[in-house]
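# Survey of secondary and tertiary structure
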Amino acid sequence: MKIAICTLGCKVNQYETQAMEAQLLRRGHQLVPFEDRADAYIINTCAVTAMSGHKSRQIIRRARKQNPAAVVGVCGCYAQTDPQAVAELEVDLISGPSGRMIFLDDLEEIAAARLGSRAPQAPVSQEPMVAPRITVKNIMSTKIFEDLPAGGLEGRTRAMLKVEDGCVNFCSYCIIPYARGPVRSLPLARAVEEARSLAEKGYKEIVLTGIEISSWGQDLKNGQDLGDLIQAVCQAAPDCRIRLGSLEPRTVTEEFCRQISSLHNLCPHFHLSLQSGCDATLKRMNRKYDTARYYESVELLCKYYVNPGVTTDLIVGFPGETEEEFSQTLAFMEKCAFTAMHIFPYSRRPGTPAASMPGQVPKAVKEERARRAAEAAARMERRYLEQWDKVEVLFEEERDGLWRGHTTRYSEVRVRSGENLHNQLRRVQVTGVGEGYLEGEIILEKQ
Ligand code: SF4
């Protein structure tokens, strides 16, 4: 069968799509671009904002329009949180973010029933739509981690390794705990096995990813925690860079830093989710730390690493955020001296406590605050980039005649070179600083 997949959302969703793609290829199907006419379409949806729900619906409609007779299967977080809204969209199969392999079985079964009867070259006829098969489960009762070895895809430099699923933090603006359920962890031995196999496949970087990796091990109840996992994976793939997905500040303790800072191949880049630099706002967000505890984490990372890359996410214009609260956030950002930031105007997500909070901030004010925060972030990023002389870069791709890659501290680097630098680790002499990246020249090593 010709199958087209469209994925929205985070690294975990992309990872699960990679696993489905690998499985479909193993089952002899052909993967085709989403714009193509396919026998079946898979839409792996995202529910993180109202906009991602809207985009998911748009793509589902597009699939149906592209081939009215195709089998359309919808999975992922939006299908989990809003299955009825999806069911109104002429689809054949609706499943959540778990049970990915069963989802593929169901898709094949429906397709066999639909397509099997028709000779391949027979004109496609519109079959009367029957009610979709809905296999969305009560995600809150999911206990087992769905072990989906993705194994990475051809041509990729960096491989993701999903080690955790679910979240129980219930930040007041976030729908994810209702979409992904409780914490489930990939057992340490399995993570080590996967890391080894990715290294053998030639990947030079492995990203430990999950919905909330700081909670890794909580459900295993064997005393192991994220520090133990990182140590085991670094030792299992000593020639690979190991990079961490997003971390919660509570994870960064003296003991954690002491444990991981001895690992030579762990990238000194920490994406430490902040969301707000004002304690009152953090409280309304139901975040599990205050600015003092957050800053303690930044200080610890700077104590154990030289100039670590400390990046973050920030929500501006959260309900009730006053100009005074926002200025506290701006001041706290400067104090932390982030090396890069993702800044998001607050997006009201139906089904979350924050969506019905008083003091919703007008769109124009949110955008103006996002602009001011982005200006401050760009200044801090430039200050950080200007201090580098020579860096080691893992090159990923060539675009517009420039090879691009990242340092271990996750700064982007661009060089002009006639060589094929794909998946190459090379030392670069920095020659300049661009908008959020370093310019440089490959250092020709003496033979
Ligand atoms: S930590 Fe908070 S923001 Fe992150 S997934 Fe969990 S509930 Fe959502």
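This write-up is about the structure you can find in this document. Predicted, not measured: the structure shown is a model, and the values here were computed from it. Residue numbering note: each chain is counted from 1, following its sequence as written. For a predicted model such as this one, the threshold for reporting local features is a pLDDT of at least 70, and the threshold for listing and counting side-chain atom pairs is 80 or more; totals across whole chains, interfaces and linings nevertheless cover every residue. Working from all heavy atoms in the structure, the side-chain values ignore hydrogens and water.

## Describing the site of the ligand
As a matter of local geometry, the ligand sits amid Cys-167, Asn-169, Phe-170, Cys-171, Tyr-173, Cys-174, Ile-176, Pro-177, Glu-212, Glu-248 and Arg-287. Within the shell around the ligand, the residues separate by chemical class into seven nonpolar, one polar and three charged. Whether a residue is near a molecule or strand depends on its heavy atoms: it is near if one of them lies within 4 Å of it. Under this grouping Gly is polar, as are all residues other than the nonpolar Ala, Val, Leu, Ile, Met, Phe, Trp, Tyr, Cys and Pro and the charged Asp, Glu, Lys and Arg.

## Thoughts on helix 8 (residues 226-236)
Burial runs high along helix 8: eight of the eleven residues are buried. Residues Leu-226, Gly-227, Leu-229, Ile-230, Ala-232, Val-233, Cys-234 and Ala-236 constitute the buried set of helix 8. Looking at the packing, one finds that the buried side of helix 8 touches strand 7 (158-165), helix 7 (188-200), strand 9 (205-210), strand 10 (241-244) and helix 9 (254-260). The definition of a polar contact used here is a pair of N or O atoms within 3.5 Å, where within protein one atom must be able to donate a hydrogen and the other to accept one, and adjacent residues in sequence count solely through side-chain atom pairs. Strands here mean DSSP runs of E at least two residues long; helices mean DSSP runs of H or I at least four residues long; both are numbered from the N terminus. Backbone nitrogen of Gly-227 and a side-chain oxygen of the N-cap are separated by 3.1 Å at the start of helix 8; the cap is Asp-225. Accessibility here uses a 1.4 Å probe with only protein chains present; expressed as a share of the type maximum, an area under 20% marks a residue as buried, one over 50% as exposed, and anything in between as partly exposed. Contacts: residue pairs with any heavy atoms within 4.5 Å of one another.

## Let's talk about the packing of helix 1 (residues 11-26) against helix 5 (residues 100-115)
The relative placement of two packed helices is expressed as an angle between their axes plus a distance between the axes. To obtain each axis, a line is fitted to C-alpha atoms, and for helices this fit is confined to the stretch in contact; angles are then taken between N-to-C directions over 0 to 180 degrees. Closest axis-to-axis distance for the helix 1/helix 5 pair is 10 Å, and the angle between their directions is 50°. The pairing of helix 1 with helix 5 is recorded here as oblique in orientation. Relative to helix 5, helix 1 is oriented so that their crossing is right-handed. Judged by residue contacts, Asn-13, Glu-16, Ala-19, Met-20, Gln-23 and Leu-24 of helix 1 engage Arg-100, Met-101, Phe-103 and Leu-104 from helix 5. Class assignment for the residues of the contact of helix 1 with helix 5 results in six nonpolar, two polar and two charged. For classification, angles of less than 35 degrees are called roughly parallel, those exceeding 145 degrees roughly antiparallel, those between 65 and 115 degrees roughly perpendicular, and all remaining angles oblique. Definitions for this section: a left-handed crossing has its near helix turned counterclockwise from the far helix by less than a right angle. A right-handed crossing has that turn clockwise.

## Describing unusual backbone geometry
In the Ramachandran plot, Ala-337 falls in the positive-phi region, its phi being about 50° despite a non-glycine side chain. The exposure class assigned to Ala-337 is partly exposed, which follows from its relative accessible area of 43%. Despite not being glycine, Asn-423 has its phi angle at roughly 60°, a positive value.

## Considerations on the sheet that holds strand 12 (residues 309-316)
Here we have three strands laid out as an open sheet, ordered 11-12-13, and parallel in their pairing. With one partner strand each, in any of the chains shown, strand 11 (269-271) and strand 13 (340-345) form the two edges of the open sheet. Across this sheet, the average inter-strand angle for adjacent strands is 15°, counted without regard to direction. Two strands qualify as a pair provided that DSSP identifies no fewer than 2 bridges between them. One ladder, built from six bridges, connects strand 12 with strand 13; its direction is parallel. The residue of strand 13 that forms the bridge with Ile-315 is Phe-344.

## Notes on the side chain of Glu-164
Mapped onto the elements, Glu-164 comes out in strand 7. Only 2.9 Å separates the side chain of Glu-164 from the backbone nitrogen of Ile-211, close enough to count as a polar contact. Leaving out residues up to four positions away in the same chain, Glu-164 has contacts with Phe-145, Val-183, Arg-184, Thr-209, Gly-210, Ile-211, Glu-212, Ile-213, Ser-215 and Trp-216.

## Focus on the pairing of strand 3 (residues 40-45)
Most of strand 3 is tucked away: six of the six residues are buried. Side chains Ala-40, Ile-42 and Asn-44 of strand 3 all project onto a buried face; the interleaved residues Tyr-41, Ile-43 and Thr-45 project onto the opposite face, where all are buried too. Relative to strand 3, strand 1 (residues 2-7) is paired through five bridges, and the arrangement is parallel. Among the inter-strand pairings, Ile-5 is bridged to a residue of strand 3, identified as Ile-42.

## Digging into the pattern of salt bridges
When a carboxyl oxygen of Asp or Glu lies within 4 Å of a side-chain nitrogen of Lys or Arg, that pair is called a salt bridge. Per the stated rule, a full pass over the model turns up 41 salt bridges. A salt bridge links Asp-105 to Arg-27; the shortest N-O distance between them is 2.8 Å. Taken together, the residues span a long stretch of sequence, with Asp-105 in helix 5 and Arg-27 in the loop between helix 1 and strand 2 (30-31) at a distance of 78 residues. Residue classification places Asp-105 among the partly exposed positions, given a relative accessible area of 35%. Judged by relative accessible area, which is 28%, Arg-27 ranks as partly exposed. Residue Glu-205 pairs with Arg-243 through a salt bridge whose shortest N-O separation is 2.7 Å. With Glu-205 in strand 9 and Arg-243 in strand 10, the pair connects residues that are 38 residues apart, well separated along the chain. Look at Glu-205 and you get buried, because its relative accessible area is 0%. With relative accessibility at 3%, the residue Arg-243 sits in the buried group. Taken together, the salt bridges that share partners define one network made up of Glu-321, Glu-323, Glu-368, Arg-369, Arg-371, Arg-372 and Glu-375.

## Considering the environment of Tyr-173
Mapping Tyr-173 onto the fold places it in the loop between strand 7 and helix 6 (176-180). Distance from Tyr-173 to Arg-348, taken between C-alpha atoms, is 7.4 Å for residues 175 residues apart in sequence. If near-sequence neighbours (up to four positions away) are discounted, Tyr-173 is found in contact with Gln-275, Met-285, Arg-287, Ile-315, Phe-318, Tyr-346, Arg-349, Thr-352 and Ala-354.

## Remarks on the pairing of strand 18 (residues 437-442)
Bridge count between strand 16 (residues 412-415) and strand 18: four bridges; the pairing is parallel. Looking across to strand 18, one finds that Val-413 is bridged to Leu-438. The pairing of strand 17 (residues 425-434) with strand 18 spans six bridges and is antiparallel. Looking across to strand 18, one finds that Val-433 is bridged to Leu-438. The antiparallel pairing of strand 17 with strand 18 creates a hairpin that spans two residues between the two strands, and Gly-436 there sits at a positive phi of about 85°.

## Looking at the sheet that holds strand 16
The five strands lie next to each other as 14-15-16-18-17, forming a closed barrel whose pairing is mixed. Direction aside, neighbouring strands of the sheet carry axes that sit 50° apart on average.

## Quick word on the environment of Thr-17
Topologically, Thr-17 is positioned in helix 1. Sequence separation between Thr-17 and Asn-44 is 27 residues; the distance between their C-alpha atoms is 7.3 Å. Setting aside anything within four residues of it in sequence, one finds Thr-17 in contact with Ile-5, Thr-7 and Asn-44. Among the polar contacts made by the side chain of Thr-17, one reaches the side chain of Asn-44 at a distance of 2.9 Å.

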